[in-house]
Structures are given as C-alpha cells and as structure tokens.
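Inside the fold
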Amino acid sequence: MRTLRIAAAVEAASFVALLGNLFTAHIPAITSLVGPLHGTAYLAVIAATALTAAAPTSARWQSAVPGVGGLLALRLIGRRTPQHT
C-alpha cells in the first residue's frame, strides 16, 4: 500500500509537470527527463494496485487512467479497508 501511495504521488506530480511544460515553455529537456519518470510511475501504479489484496476490480481498472489513476485507486481502496491509526 505504501508503494502505491508513493507511485501515485509521483505519477500525479510528473503528469502536472509534463502538462505545465507543454502549455508554457515546452523545454525538451524537461520532457525527456520527466516523461520516462511518469511512464515508470504509471506502470508501478498499475502493478502495485494489481498486487494489493484489498483492491476491488474497479480500483484495478481505474489505476490504468493516466495521470490520476493511482489517486483514484487509492480512494477506492481506502473506502473498503478500515483505517489504522
């Protein structure tokens, strides 16, 4: 679950960075650095969600949404599991 949280945060942050770069300066160096990072985080989110035992099928499908899939999956998993303090 911790891996999923980290990967979801990296995926969302890198997606925002890529979109910000696209709509502003469009610096190729940023794209070439952040693009593979985003792709790796995207795949890590899908894999971590698939390996999470508490993940419902809908969370597994929603994890495949680029950019925010990890956050959507975390929200669905959080609703189904009791919160530990």
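Before reading further, recall that the structure is shown in the block above.
Structure report, in brief. The structure presented is a predicted model; accordingly, all values stated were derived computationally and were not measured.

1. Focus: the overall build of the chain
Along the backbone of the chain there are four helices and zero strands. Listing every helix and strand of the chain by position from the N terminus yields α-α-α-α. Taken over the C-alpha atoms alone, the chain extends approximately 45 × 20 × 20 Å along its principal axes. Within the chain, counting contacts between residues at least 6 apart in sequence, those at least 24 apart form 53% of the total. When the accessible surface of the chain is split by element, carbon and sulfur atoms take 71% of a total near 5400 Å².

2. Describing unusual backbone geometry
Not every positive phi belongs to a glycine, and H26 is a case in point at roughly 50 degrees. Within the fold, H26 resides in the loop between α1 (2–23) and α2 (28–51). Residue classification places H26 among the partly exposed residues on the basis of a relative accessible area of 45%.

The rules behind these values
All chains use their own residue numbering, which begins from 1 and follows the written sequence. With the structure being a predicted model, the display of local features is reserved for residues of pLDDT at least 70 and the display and counting of side-chain atom pairs for 80 or more, all residues being used for whole-chain, interface and lining totals. Hydrogen atoms and water are omitted, and side-chain values are computed over all heavy atoms in the structure. In DSSP terms, a helix is any run of H or I states spanning at least four residues, a strand is any run of E spanning at least two, and both are numbered starting from the N terminus. Here a residue-residue contact requires only that any non-hydrogen atoms of the pair lie within 4.5 Å. Shrake-Rupley sampling with a 1.4 Å probe provides the accessible areas, and residues are treated as covered by the protein chains on show and by no other component. Here the term buried applies to any residue with accessible area under 20% of the maximum for its type, exposed to any over 50%, and partly exposed to those in between, with areas from a 1.4 Å probe on protein chains only.

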